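Chain and residue survey
So you can see what is in the structure, the chains are spelled out below.
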Amino acid sequence: MKIHIILGCAALLATAPLFAQRQPGVSSQLPIRFEELTTPDFITAVELSEGVCIVPFGILEKHGPHLPLGTDIYIARNISLQAAGREYCVVFPEYYFGQIYEAKHQPGTIAYSPETVYRLLQETCAELGRNGFKKIIIVNGHGGNRFFIHYFCQAQLAEAKDYAVIFFTPTPNPEVAEKVSGLKETVEDGHAGESETSEMLVIRPDLVHPERAREQSGENWQRLHHISDIWTGIWWYARYPNHYSGDGSYAKKEIGELIIDDSVNQLVRLIKAVKKDDEILKLQKRFFHEAEDPLNTKQQQ
Ligand SMILES: [Zn+2]
């Protein structure tokens, strides 16, 4: 399934000029992978990334009969690493503690409890904030995480904090969409379908088995189509009991390259914008201040 940031204030603002003093070319020598940094490097990396860290958020779930369980992890991390390689920031290790209850009937699904999913991401962000990463960008590779991440971002206002969480929500690029649709052969194209399989042909071709993609049906079974205007947890299973939507056997590397390059370009733009921005932190700080004493909140005219 198909693509999401965090921030603290005064300390960050006070050190802002320091970031501007960085030595040219240093960032090219410093690892972008969190786990590859030595402790002294880590301190420099926090500075050079201007407090920006990306959490590549995937999941462990079936991807048809032809793609690996970690497909969304590979896609989220690949896009994050490519973007950080072009605009320096730090990329957290593979993060796969998300929402995937709709695939619990399929082998290989790792679905943590809702409390654990929420708490683990909150504690991960709090630890990143404590370590100086006040701007945390979540890059999501799993569609099933989307609603959870939206709620998580909104719930950040429940308690005062000096870091901000920002969800990277790339805008569909009409030019790329047109090129992709010119190359595509399937209409039904979703989870482990033509597009996602094409992305994996670029990222990990050794893990893709297009010849197996037709061993199971990726059709929509429409088992709840007799009821309209509803949302219920069983919706996905009602449509795609094989946890597969589309036909990955039509995948092409060119389609994958177009989709990935577009996501990387948009993420590079976001990293640059978040580095420059201090409005998110300022507004958050003001909000938390007002939330402590709402009766004295000045109403805007
Ligand atoms: Zn996926």
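So, here is what we can say about the structure in this document. Quick caveat: nothing in here was measured; it's all calculated off a predicted structure.

Regarding the pattern of salt bridges
Enumeration according to the criterion identifies 16 salt bridges in this entry. Notably, a salt bridge pairs Glu 36 with Arg 33, separated by 3.8 Å at the nearest N-O pair. What makes Arg 33 partly exposed here is its relative accessible area of 30%. Notably, a salt bridge pairs Lys 253 with Glu 257, separated by 4.0 Å at the nearest N-O pair. Of this pair, Lys 253 and Glu 257 are both found in helix α10 (residues 253-276), four residues apart, which corresponds to roughly one turn of the helix. Taking relative accessible area as the criterion, Lys 253 reaches 43% and is therefore assigned partly exposed. Among the residues examined, Glu 257 registers a relative accessible area of 32% and is labelled partly exposed. Shared partners join several salt bridges into a network, and the residues in it are Glu 35, Arg 77 and Glu 94.

Re the packing of aromatic side chains
Here the distance between the centres and the angle between the planes together describe a pair of aromatic rings. For the coordinates displayed, the defined rule picks out 18 aromatic pairs. Seen in terms of ring centroids, Phe 57 and Phe 148 are 6.4 Å apart; in terms of plane orientation they differ by 85°. Their pairing is edge-to-face. Taken together, the residues Phe 57 in strand β1 (residues 52-57) and Phe 148 in helix α6 (residues 146-155) connect sequence positions 91 residues apart. Summarising the aromatic geometry, the rings of Trp 236 and Tyr 240 are spaced 4.6 Å apart at their centres and angled 50° between planes, so their arrangement reads as tilted. No difference in accessibility class separates Trp 236 from Tyr 240, as the two residues are buried. We note Arg 146 situated over the ring of Phe 147; from NZ or CZ to the ring centre the distance is 5.9 Å. Above the plane of the ring of Tyr 237 lies Arg 223, whose end atom (NZ or CZ) is 5.0 Å from the centre.

Comments concerning the sheet that holds β1
Strands sit in the order β2-β1-β3-β4 across an open sheet of four strands; the sheet is parallel. Among the strands making up the open sheet, the edge pair consists of β2 (90-91) and β4 (164-167).

Topic: helix α3 (residues 39-48)
Burial in α3 covers these residues: Phe 42, Ala 45, Val 46 and Leu 48. Looking down the long axis of α3, one finds its buried residues gathered within 165° of arc, a one-sided arrangement. Exposed residues lying more than 90 degrees from the buried face of α3 are Pro 40 and Ile 43. The positive-phi residue at the C-terminal boundary of α3 is Glu 50, with phi of around 50°.

Digging into the packing of helix α5 (residues 114-130) against α6
The N-to-C vectors of α5 and α6 enclose an angle of 55°; their axes lie 11 Å apart at closest approach. Classified by the angle their axes make, α5 and α6 are oblique. Every pair of crossing elements has a handedness; the one defined by α5 and α6 is right-handed. Residues Val 117, Tyr 118, Leu 121, Gln 122 and Cys 125 of α5 form the contact with α6, whose participating residues are Phe 148, Tyr 151, Phe 152 and Ala 155. In the contact of α5 with α6, the residues fall into eight nonpolar, one polar and no charged.

Considering the state of the cysteines
Applying the stated criterion across every chain, the model contains zero disulfides. Free of any disulfide, Cys 125 has its nearest cysteine sulfur in Cys 153, 8.3 Å distant. Cys 125 sits in the buried class, given a relative accessible area of 0%.

As for unusual backbone geometry
Only a minority of non-glycine residues have a phi that is not negative, and only a minority of peptide bonds are not trans. One non-glycine residue, Asp 229, lies in positive phi territory at about 55°. By secondary structure assignment, the location of Asp 229 is in the loop between α8 (194-203) and α9 (235-239). Assessed through its relative accessible area of 79%, Asp 229 is described here as exposed. One non-glycine residue with positive phi stands out, namely His 243, at about 50°.

With respect to α5
Compared with the 24 Å implied by 1.5 Å per residue over 17 residues, the 24 Å span of α5 between its first and last C-alpha is a close match. Where α5 is concerned, the buried positions are Val 117, Leu 121, Gln 122, Thr 124, Cys 125, Leu 128 and Gly 129. Within α5, the buried residues cover an arc of 160° as seen down the axis, which keeps them to one side. The exposed residues of α5 that point more than 90 degrees off its buried face are Glu 115, Arg 119 and Arg 130. The secondary structure elements touched by the buried residues of α5 are β1, β3 (135-140), α6 and β4.

Rules used throughout
Residues numbered from 1 in each chain as written. Predicted model: local features only at pLDDT ≥ 70, side-chain atom pairs only at ≥ 80, totals over all residues. Heavy atoms only, no water. Salt bridge = Lys/Arg side-chain N within 4 Å of Asp/Glu carboxyl O. Buried < 20%, exposed > 50% of the residue type's maximum accessible area, 1.4 Å probe, protein only. Helix = DSSP H or I, 4+ residues; strand = E, 2+ residues; numbered from the N terminus. Phe/Tyr/Trp six-rings, centres within 6.5 Å; stacked < 30°, edge-to-face > 60°. Lys NZ or Arg CZ within 6 Å of the ring centre and 35° of its normal. Pairing = 2+ DSSP bridges. Arc of directions from axis to C-beta. Axes fitted to C-alpha atoms, helices over the stretch in contact; angles between N-to-C directions. Parallel < 35°, antiparallel > 145°, perpendicular 65-115°, else oblique. Left-handed = near helix turned anticlockwise from the far one by under 90°. Contact = heavy atoms within 4.5 Å. Nonpolar A, V, L, I, M, F, W, Y, C, P; charged D, E, K, R; others polar. Disulfide = S-S within 2.5 Å. Expected span 1.5 Å × (residues − 1).

Spatial relationships are all this shows, so hold off on functional conclusions.
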